[in-house]
Amino acid sequence: MNSKRIRTILLFGAPGSGKGTQGKILGSIPNFYHFSCGELFRNLTPDTELGKIFLDYSSRGQLVPDEPTIRLWLHTIESSEHSGRFNRKTVTLVLDGIPRNIQQARMLKGLVNVQHVFFLRCADMKKLVARLQRRALRENRLDDANIKVIRQRLETYDHETRPVLDFYGPKLVRTIDSTETPINVLRDILGVLAKSEP
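What comes next is a walk through the structure.

Calculation rules
All residue numbers here refer to positions counted from 1 along the written sequence of the relevant chain. Only residues with pLDDT of at least 70 are given local features in this predicted model, and only at 80 or more are side-chain atom pairs given and counted; all residues enter the totals for whole chains, interfaces and linings. Derived side-chain values reflect all non-hydrogen atoms in the structure, with water molecules and hydrogen atoms excluded from consideration. Buried Ala, Val, Leu, Ile, Met, Phe, Trp, Tyr and Cys residues that are joined via side-chain atoms within 4.5 Å together make up what is termed a nonpolar core. Only protein chains enter the calculation, and the probe is 1.4 Å; a residue is then buried if its accessible area is under 20% of its type maximum, exposed if over 50%, and partly exposed in between. Contacts are assigned to residue pairs with any non-hydrogen atoms lying within 4.5 Å of each other. Helix numbering and strand numbering both begin at the N terminus, where a helix is a DSSP run of H or I of at least 4 residues and a strand a DSSP run of E of at least 2. A helix is expected to reach a length of 1.5 Å times the quantity of its residues less one.

So, about the nonpolar core. Counting residues in each nonpolar core, the largest one holds 37 residues, and the members touching the most others are Phe35, Trp73, Leu93, Ile98, Val117 and Tyr168. With near-sequence residues (within four places) excluded, Leu93 lies in contact with Ile6, Arg7, Thr8, Ile9, Tyr33, Phe35, Trp73, Ile77 and Phe86. Counting 13 residues, the second largest nonpolar core, distinct from the first, contains Leu11, Leu186, Val192 and Leu193.

Dropping the structure here:
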């Protein structure tokens, strides 16, 4: 991987805040490439080292350790570049679900050039829990099915992930109301991106 940092925007928020939905939409726009860390982990099989690690941690509502997370991210980005699906010279990377804590943010600092952090904020925890339970049924996601695991994931987010916003600071963070409809959330994100275009 060459040394040029990748132009990146981060989608940030609690589980169920809509990061995946917005990431998929943005990834369908020319010159944007969506990378979902959670999706990547869920597609791992239990017969691999990383697959076993993911299943062990996700079943308890905990975050996968930093080193294997960044290693998997880097490997996947390099594979996407080699296959021609991603071109760092012309495409903006849309990261969803990574970095998940300050240590990961530090580890990524020399690799990505963060332009914006979109904080999809949902103040109502009951709405987040309901969203996660609906998603569990719709997408057969075991990590979203158990109410005890959901609450553990939301607590983990509050303690470990939310402080990442302070790491990037107010100049980069844009707060978006994620209780709006997906199209209005997208409108707000695109509004910020349109203003920052050269």
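Following the structure, the description resumes.
The next subject is helix α4 (residues 66-82). Between its terminal C-alpha atoms α4 stretches 24 Å, which fits the 24 Å expected from 17 residues at 1.5 Å a residue. Listed in full, the buried residues belonging to α4 are Asp66, Pro68, Thr69, Ile70, Leu72, Trp73, Thr76, Ile77 and Ser80. A positive phi of about 85° marks Gly84, the residue just after α4.

A word on unusual backbone geometry. Cis peptide bonds are those with omega within 30 degrees of zero, and the linkage from Ile98 to Pro99 qualifies with 0°. Tracing the chain through its elements places Pro99 in the loop between β3 (92-96) and α5 (102-108). The backbone of Asn31 sits at a positive phi, close to 70°, despite the residue not being glycine. Inspection of the secondary structure assignment puts Asn31 in the loop between α1 (19-27) and β2 (32-36).

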